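# Residue-level structure breakdown
Residues per chain are reported as follows:
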Amino acid sequence: MSTIDTSRAKPHAASHGHHDESYLASRGSLFSNIWDWCTTVDHKKIGVMYLFAVLILFFIGGLAAILVRLELFEPTRVVGGKVVGSLFQSLTAPEATSTAAGNNWYNRTFTLHGAIMVFMVIVPSVPASLGNFFLPIQIGAKDVAFPRLNLLSWYIYVIGSIFAVLSIILGGVDTGWTFYTPYSTLTDLGFSRVAIMVFAVFVLGFSSILTGLNFVVTVHKLRAPGMGWFDMPLFIWGVYSTAIIQVLATPVIGITLLLLCMERLFRIGIFDPSLGGDPVLYQHFFWFYSHPVVYVMILPGMAIISELIAVHARKRIFGYRAVAFASLGIAAVSFLVWGHHMFTGMGEMASFIFSGLTFLVAIPTAVKVFNWIATLYKGSIAINTPMLYALIFLFLFTIGGLTGLPLATLATDVHLHDSYFVVAHFHYVMMGGTIMAFVGGIHHWWPKMFGKMYAEKPAMVAAILVFIGFNLTFIPQFLMGAQGMPRRYASYVDDFHIYHQLSTYGSFLLLVGFLLHAFVLVHSLVAGKKAPANPWGGLTLEWATDSPPIAHNFHHEPIVTHGPYDYDSVVPPHWDPKDYPLPDQKQVAQIHAGH
């Protein structure tokens, strides 16, 4: 049995000439290649451009985080009329007797870190890069439903990022990544930096909506013959659920930020109490989008983990339909829990209801984690970089999920609100979840995307450094947050000094780990071995085509003849049956009949 049944397949109408070449094949001169990439509607090239843009912005956002950690390595104090312990103060106003200048740059730097990481890295990371590249291939399509719209989404993302960078070049903003009013309406009034940054996020939202719309239509209309809804890989289910949230929730933040710009520029009273507005209204609008967008960030990460665990454990995914429905369940519940960000400012009944709804999210999330662990049980686990990242995800994301419970509980949230406990929880979910899954996914699909293998051992060492560095960075933040250290302060009492120092050392280790990953991947592009078509033994459609794929993805229209995780009954494409002995099919049938 093979993934692509060519006996009944029709060749693509234009499956000749350059369409049978790798999508990375040169088009001739340097100018021809640049023009080809700038005007391409090939989903793979657009995915690759997103990938490198996201990685560059991840590096910039990471450097901002390192600067924040360096600032917090020592508490800022005024001793004998002199400011000591502040990196920013020593760089910008070393003779000043007030901490204002250093604190101002500290505020701008952590806002820069948050805005870049959330809106330009984590939100587009998986859907726009890996999703763009693999969603059409995994469902057997030649491209997305609207290729030109896909290219438009890319250029909107570029334009939005340019506005954000322009705001940074002009001096940055100090409102925090949430742009809470009245900070965003009253600060920095003599300049347009806040308006530019808010407008950048507004523009980026359009890219997100168009990409989500494209994916929804592609999944509905372009699945290969023989692929029903429950024959789709779980990566598709995750990206599809994400796309629904993107289409429904993003317009809300777009309108909100547009209103914010109008109030700031034209003094129309919407959120500013002095103009007759309501600042709490902004928080409701912001979190009605931004809590679902938490799942825009984590659902694609979960989708990657389903692929990593199934492929590298060589085992049928446990509870396929439960995992698929859990993705849709998380997407649905995500629209109902925005109020838990405002427990301290809401009435008792509203807080009680939102607290209960927040606990509801734990059910589909726990279903996924349980099913991944059950899939690993008695699997043929390959210890390599993608599997290491799958295990790192399970460990870190579980901590992130469990530490969300005291924040959903009214009594404990009052104590932990706006503390470093929240910062650590957020990073365990977003970075320990999405970013770890993203890095694991990059290593999983790197041979397919670029046709080159990477050095496995250095990549595994980098993964271990990242794991240790991450925990050393954020576990101390849980401890000092529980003891009352508020977030966003440049100075602190001596009791928290050791925690901040440990956290800073951890951030250095994280930096070393990610730099080693960058070196390994660049080295593979320059001197890596040629990748086989199916190095890991995967069963989904991307492993049936060439590495890297041809321009039209497949030489023949694929016809799906088995499930994406039938490892107990199907020899992986491009593998010799002698190297992949199948178990007795009668026993397999009896085992599955019992479930």
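These remarks concern the structure in this document. (Residues numbered from 1 in each chain as written. Predicted model: local features only at pLDDT ≥ 70, side-chain atom pairs only at ≥ 80, totals over all residues. Heavy atoms only, no water.)

## Let's talk about a nonpolar patch on the surface
How we decide: Patch membership is restricted to residues that have no salt bridge and whose relative accessible area is over 30%. Joining uses 9 Å for like charges and 5 Å for the nonpolar side chains Val, Leu, Ile, Met, Phe, Trp and Tyr. For every accessible area listed, the method is Shrake-Rupley and the probe measures 1.4 Å; residues are considered covered only by the protein chains on display. Salt bridges, as used here, are contacts in which a Lys or Arg side-chain nitrogen is within 4 Å of a carboxyl oxygen on Asp or Glu. The secondary structure listing takes helices from DSSP runs of H or I that are at least 4 residues long and strands from runs of E that are at least 2 residues long, numbered from the N terminus. For each residue, the accessible area found with a 1.4 Å probe, counting protein chains only, is set against the maximum for its type, and the residue is called buried under 20%, exposed over 50%, and partly exposed in between.
Together, Leu67, Leu70, Ile498, Leu502, Tyr505 and Phe508 make up an exposed nonpolar region whose accessible area comes to about 480 Å². Of all the elements, helix H17 (residues 497–527) adds the most residues to the nonpolar patch, at four residues. Considering the arrangement of structural elements, one finds Ile498 in helix H17. Relative accessible area serves as the criterion here: at 47%, Ile498 is assigned to the partly exposed category.

## Quick look at unusual backbone geometry
Note the cis peptide between Ser547 and Pro548, where omega equals -5°. Residues other than glycine seldom take positive phi values, yet Phe179 does so here, at roughly 55°. Along the chain, Phe179 falls in the loop between helix H5 (147–169) and helix H6 (183–186). A residue is classified by how much of its surface remains accessible, and Phe179, at 1% relative accessible area, is buried.

## Section: the nonpolar core
A general feature of soluble globular proteins is that nonpolar side chains tend to end up buried together. Spelled out, the test is: Here, the term nonpolar core denotes a set of buried Ala, Val, Leu, Ile, Met, Phe, Trp, Tyr and Cys residues that are joined through side-chain atoms within 4.5 Å. In this analysis, two residues are considered to be in contact whenever any of their non-hydrogen atoms come within 4.5 Å of each other.
In terms of nonpolar packing, the biggest core is built from 156 residues, with Phe235 and Met449 touching the most fellow members. If one sorts the elements of this core by residue count, helix H9 (residues 279–313) sits on top with 20 residues. Once residues lying within four places of it in the same chain are set aside, the contact partners of Phe235 are Val126, Leu130, Gly131, Phe134, Gln138, Ala303, Ile304, Glu307, Trp445 and Tyr565. Counting residues in each nonpolar core, the second largest holds 13 residues, with Tyr420, Tyr492, Phe496 and Tyr499 among its members.

## A few points about helix H4 (residues 100–138)
We count it as follows: By definition here, a helix of n residues has an expected span of 1.5 Å times n minus one. Consider a residue and the seven residues that end there alongside the seven that start there; fitting an axis to each set, the bend is the angle between those axes.
A rise of 1.5 Å per residue sets the reference length of H4, with its 39 residues, at 57 Å; its end C-alpha atoms lie 54 Å apart and thus fit the reference within 8%. At Ser125, H4 shows its strongest bend, of approximately 60°, with the proline Pro127 following within four residues. The element H4 is largely enclosed, with a buried count of 33 among its 39 residues. Downstream of H4 by a residue or two, Gly140 has a phi angle that is positive, lying close to 80°.

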